[in-house]
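Residues per chain are reported as follows:
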Amino acid sequence: MSEVKVNAISPRSGTDISFADNVLLRPEIKDYAESVNAIGATGGGTQDIDLTLGNVVTSANTFTFSNPPATGKSGSFTLILTNGGSQTVNWPGAVDWAGGTAPTLTTAGIDVITFTTIDAGTIWYGFAAGLAMA
């Protein structure tokens, strides 16, 4: 891998910088945000969670996960479910839950679930980051 050293990057205000899956070495990130992908309810269908659209997702119901990073790279996202326990939630078979069992979701409230993969989505490690959040 060749390295390009840059003393400072000064993009114009509002200008995006695309690293196109290249490595950013040793950055110091002081204040950042993650994009929220508010996909909403699916009305009984299956909702795809596409990681290229954001790494924090709000929704409920039945899911597929797409566009994870390649094997050898880590990818993760946070799913925020509102009243997830009031309906049937169907998880992809690739999810390996902490303790071997999907968490019991809150009937009236918010649950925060996190997923991580290191093998291009063959296995997604899932765990409850917070249940019954108010």
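Rules and cut-offs
Residues numbered from 1 in each chain as written. Predicted model: local features only at pLDDT ≥ 70, side-chain atom pairs only at ≥ 80, totals over all residues. Heavy atoms only, no water. Helix = DSSP H or I, 4+ residues; strand = E, 2+ residues; numbered from the N terminus. Buried < 20%, exposed > 50% of the residue type's maximum accessible area, 1.4 Å probe, protein only. Contact = heavy atoms within 4.5 Å. Areas by Shrake-Rupley, 256 points an atom, 1.4 Å probe, with all protein chains shown as cover. Core = buried A, V, L, I, M, F, W, Y, C linked by side-chain atoms within 4.5 Å.

Draft legend 1. Here's a closer look at the overall build of the protein. Looking only at helices and strands, one finds 0 helices and 6 strands in the protein. Tracing the protein from N to C terminus, the helices and strands come up as β-β-β-β-β-β. Counting only residues that meet the buried cut, the protein has 31% of its 134 residues in that class. Pairs at least 24 apart in sequence give 41% of the contacts found in the protein among residues at least 6 apart. When the accessible area of the protein is evaluated, it comes to approximately 8900 Å², of which 51% is carbon and sulfur surface.

Draft legend 2. Quick look at the nonpolar core. Judged by nonpolar contacts, the single largest core of 17 residues is most densely connected at Ile49, Phe63, Phe65, Phe77, Leu79, Trp91 and Phe115. Taken together, the elements giving at least two residues each to this core come down to strand S1 (36–50), strand S2 (56–66), strand S3 (75–82), strand S4 (95–97) and strand S5 (110–117). In contact with leucine 79, not counting residues within four places along its chain, are Ile49, Val57, Ser59, Phe63, Trp91, Asp111, Val112, Ile113 and Phe115.

By themselves, these are just geometric observations and shouldn't be taken as functional.
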